[in-house]
Amino acid sequence: MQIFLNGEPQETSCQNLLQLVQELSLEGKRFAVEMNEMIISKSKLELTPIAEKDRIEIIHAVGGG
């Protein structure tokens, strides 16, 4: 299915947000997820299904100095 990830169209076979986070190798890192303009807590990622044309924003923290 096609979703919009950080504003860009992307094909995915992921069924929920946790699978998408795992596919992007972000598990265990600091990040925030927004889907269709709603913040999704990390505890709800596995319970949040992804549907065609969903707009998902994933922001991850990058350390530096």
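Residues numbered from 1 in each chain as written. Predicted model: local features only at pLDDT ≥ 70, side-chain atom pairs only at ≥ 80, totals over all residues. Heavy atoms only, no water.

In the annotation of an unreviewed UniProt entry, the entry for the protein reads Sulfur carrier protein ThiS, and the organism field reads Acinetobacter nematophilus.

A. Geometry of the overall build of the protein. The secondary structure content of the protein amounts to 1 helix and 5 strands. When the helices and strands of the protein are read in sequence order from the N terminus, they spell out β-β-α-β-β-β. By the compact-globule yardstick of 11 Å for 65 residues, the protein fits well, its C-alpha radius of gyration being 11 Å. Along the first, second and third principal axes, the C-alpha atoms of the protein reach 40 × 25 × 20 Å. Once local pairs closer than 6 in sequence are excluded, the contacts in the protein between residues at least 24 apart make up 54%. (Helix = DSSP H or I, 4+ residues; strand = E, 2+ residues; numbered from the N terminus. Rg over C-alpha atoms; globule rule 2.2 N^0.38 Å. Contact = heavy atoms within 4.5 Å.)

B. Focus on the pairing of strand β2 (residues 8-11). In this structure, strand β1 (residues 2-5) lies alongside β2, joined through 4 bridges in antiparallel fashion. Looking at the pairing, F4 lines up with P9 of β2. Here β1 folds back onto β2, and the loop between the two strands holds 2 residues, one of which, N6, carries a positive phi near 50 degrees. (Pairing = 2+ DSSP bridges.)

C. Representation of the environment of Q19. Examined against the element boundaries, Q19 turns out to sit in helix α1 (residues 17-23). Note: C-alpha distance between Q19 and P49 (30 residues apart in sequence) is 9.7 Å.

D. Highlighting the nonpolar core. Judged by nonpolar contacts, the single largest core of 15 residues is most densely connected at L17, L20, V33, I56 and I58. The set of elements that each furnish at least two residues to this core consists of β1, α1, β3 (31-35) and β5 (55-60). With residues near it in sequence (within four places) discarded, I56 still touches I3, F4, L5, N6, L17, L20, V33, E34, M35 and I50. (Core = buried A, V, L, I, M, F, W, Y, C linked by side-chain atoms within 4.5 Å. Buried < 20%, exposed > 50% of the residue type's maximum accessible area, 1.4 Å probe, protein only.)

E. Here's a closer look at the pairing of β5. Sheet analysis places β1 next to β5, joined by 2 bridges and oriented parallel. For L5, the partnering residue across the bridge sits in β5 and is I56. When β3 meets β5, the two strands line up antiparallel, connected through 5 bridges. If you follow F31 over to β5, its bridge partner there is H60.

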